[in-house]
There are 2 protein chains.
Amino acid sequence: MRPDTPEEPQQPPVRSRADRTADTLERLSRDIDLWVASASQDGRAYLVPLSYHWDGSTLTIATPSASPTARNLIRAGWVRAALGQTRDVVIVEGRVEAIPIGANPELEDAHARSTGFDPRTLADEYVYLRIAPREIQAWRSNELVGRVLMRDGAWLE
Amino acid sequence: MRPDTPEEPQQPPVRSRADRTADTLERLSRDIDLWVASASQDGRAYLVPLSYHWDGSTLTIATPSASPTARNLIRAGWVRAALGQTRDVVIVEGRVEAIPIGANPELEDAHARSTGFDPRTLADEYVYLRIAPREIQAWRSNELVGRVLMRDGAWLE
């Protein structure tokens, strides 16, 4: 992203932290997909879009158990993911918990409703991966300062 | 992403490889930003949006030399990046070559024109990272089959 774009037309004013937090919570509730980055033990990066379910404090994705994303995230126990657009970004980092199919039917139902697909019905073996955010950042092109909204799992005041 | 969404309204028809390739080349020319995934040697993933310059066969980004992205990409010599939207994806994987500021003024000028920012004018020390694609995939929600467009650096016929 451009670090500084004063010439950009109709740049909206820099948002307060409270406004960014409200926008971020609204995006987490409204959006369906996010970009999931992961890495293998020997430092090879992977990136793929996935749908998620947001329950107000955690995000749950589902992906084939044999996929690079599942293997990488389960190994690391940690994810860095992005929502939104490149000029209106939300970055979420957090712990990853693997939940096998059948372990949490309520969550599985909610995931199916939010994402529009139900991995319980598919031939491939899927695993749910629940993300507990520890750090959240949000910024637009002119908002690099003040982009940290959550630190150590706590929303900043 | 949902692996299969037949219920989605107004799903456009599945594109041929030729159409996907044309759309992908058009997107590479037209878009400004992409999502760059990288990983540290010990397997920690990173993800950030950056602007790029496309010269018809390579993408050039610029980022502070001390940033996780620069360190990770220079170490790995490889990148996985995404353009577009989560439901209209282009994934680019390729080799990364670091180019210090001053080494290629023509490329630096072209990068500044394409991205709208010029790292040569900034206080932080930046490095250019030139990506030579080796594999390119493109898909929409209903297009998971046939998504490989480039393999080993060659566009598929």
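Our structure is the block above this text.
I will try to describe carefully the structure that is included in this document. (Residues numbered from 1 in each chain as written. Chains lettered and ligands numbered in written order. Predicted model: local features only at pLDDT ≥ 70, side-chain atom pairs only at ≥ 80, totals over all residues. Heavy atoms only, no water.)

1. Comments concerning the overall build of chain A
Definition in use: Segments assigned H or I by DSSP are reported as helices when at least four residues long, segments assigned E as strands when at least two residues long, and all are numbered from the N terminus. Two things to know: the radius of gyration comes from C-alpha atoms, and the globule rule equals 2.2 Å times the number of residues to the power 0.38. Using a 1.4 Å probe on the protein chains alone, a residue whose accessible area is under 20% of its type maximum counts as buried, one over 50% counts as exposed, and one in between counts as partly exposed. Any two residues whose heavy atoms approach within 4.5 Å at even a single point are treated as in contact. This count recognises Lys and Arg as positive and Asp and Glu as negative, with His and chain-terminal groups excluded. Think of each charge as sitting on NZ of Lys, CZ of Arg, CG of Asp or CD of Glu.
Helices and strands together make up the secondary structure of chain A, namely three helices and nine strands. Taking 15 Å as the expected radius of gyration for a compact globule of 157 residues, we find that chain A reaches 16 Å, a close match to that expectation. Referenced to the eigenvectors of the C-alpha coordinate spread, the extents of chain A come out at roughly 50 × 35 × 30 Å. A buried classification covers 50% of the 157 residues belonging to chain A. The contacts of chain A with a sequence gap of at least 6 include a subset with a gap of at least 24, amounting to 62%. Placing the 19 positive and 23 negative side-chain charges of chain A at their respective mean positions leaves the two points 4 Å apart.

2. Comments concerning the relation of the copies chain B and chain A
One copy of the chain maps onto the other through a rotation about an axis followed by a shift along the same axis. We count it as follows: Our superposition of the copies is a least-squares fit, built on the C-alpha atoms of residues whose pLDDT is at least 70 in both.
With an RMSD of 0.0 Å, chain B superimposes on chain A once it is rotated by 180° and translated 0.0 Å along the axis. In symmetry terms, the pair is related by a two-fold rotation axis. For chain B, the smallest separation between a C-alpha atom and the rotation axis is recorded for G43 of chain B, amounting to 2.1 Å. Both copies present the same face, since 100% of the interface residues in chain B are matched by interface residues at the equivalent positions in chain A.

3. Topic: the interface of chain B and chain A
Using the following cut-off: Buried area: the accessible surface (1.4 Å probe) lost by two parts on joining, summed over both. Only one rule defines a salt bridge in this text: a Lys or Arg side-chain nitrogen within 4 Å of an Asp or Glu carboxyl oxygen. Think of a polar contact as two N or O atoms within 3.5 Å of one another; within protein, one of them needs to be a possible hydrogen donor and the other a possible acceptor, and neighboring residues in sequence only count if both atoms come from side chains. Throughout this entry, Asp, Glu, Lys and Arg are counted as charged residues, while Ala, Val, Leu, Ile, Met, Phe, Trp, Tyr, Cys and Pro are counted as nonpolar. The remaining residues, Gly among them, count as polar.
With 41 residues of chain B at the interface, the matching set in chain A holds 41 residues. When the two sides are added together, the surface that chain B and chain A hide from each other amounts to roughly 3200 Å², 59% of it contributed by carbon and sulfur. Counting across the chain B and chain A interface gives four salt bridges. Between the two partners, chain B and chain A, sit eight residue pairs in polar contact (both at pLDDT 80 or more). At the level of elements, β1 (33-39), β2 (45-51), β5 (78-85), β6 (88-100) and β7 (126-140) of chain B are the ones that each hand at least two residues to the side of chain B that touches chain A. Ranked by residue count, the leading element in the side of chain B that touches chain A is β5 of chain B, at seven residues. Partitioning the side of chain B that touches chain A into residue classes produces 22 nonpolar, 10 polar and nine charged.

4. Quick notes on the packing of aromatic side chains
Just so we agree on the cut-off: Pairing of aromatic side chains here covers Phe, Tyr and the six-membered ring of Trp, requires ring centres within 6.5 Å, and sorts the geometry by plane angle: under 30 degrees stacked, over 60 edge-to-face, intermediate tilted. Charge-over-ring contacts are defined here by two conditions on Lys NZ or Arg CZ: a distance within 6 Å of the ring centre and an angle within 35 degrees of the ring normal.
Per the stated rule, a full pass over the model turns up three aromatic pairs over all chains. Here the aromatic rings of W35 of chain A and W35 of chain B are separated by 6.4 Å at their centres, their planes lie at 35°, and the arrangement is tilted. A residue pair is termed interchain when its members come from two chains, as with W35 of chain A in strand β1 (residues 33-39) and W35 of chain B in strand β1. Both residues of the pair, W35 of chain A and W35 of chain B, count as buried. In this arrangement the basic side chain of R80 of chain B is found over the ring face of Y46 of chain A, its NZ or CZ atom lying 3.9 Å from the centre. Sitting over the ring of W139 of chain B, R147 of chain B keeps its end group 5.4 Å from the ring centre.

5. Points about the pairing of β1 of chain B
Along a regular strand, successive side chains alternate from one face of the sheet to the other. Residue and element names in this part refer to chain B. To keep it simple, the criterion reads: DSSP calls a pair of strands paired once it identifies at least 2 bridges connecting them.
Among the seven residues of β1, seven are classified as buried, and the element is accordingly described as predominantly covered. Burial of β1 is two-sided: the residues D33, W35, A37 and A39 facing one way and the residues L34, V36 and S38 facing the other way are all buried. Sheet topology places β1 next to β5; three bridges connect them, and they run antiparallel. Residue pairing across strands places W35 opposite A82, the latter belonging to β5.

By themselves, these figures tell us nothing about what the structure is for.
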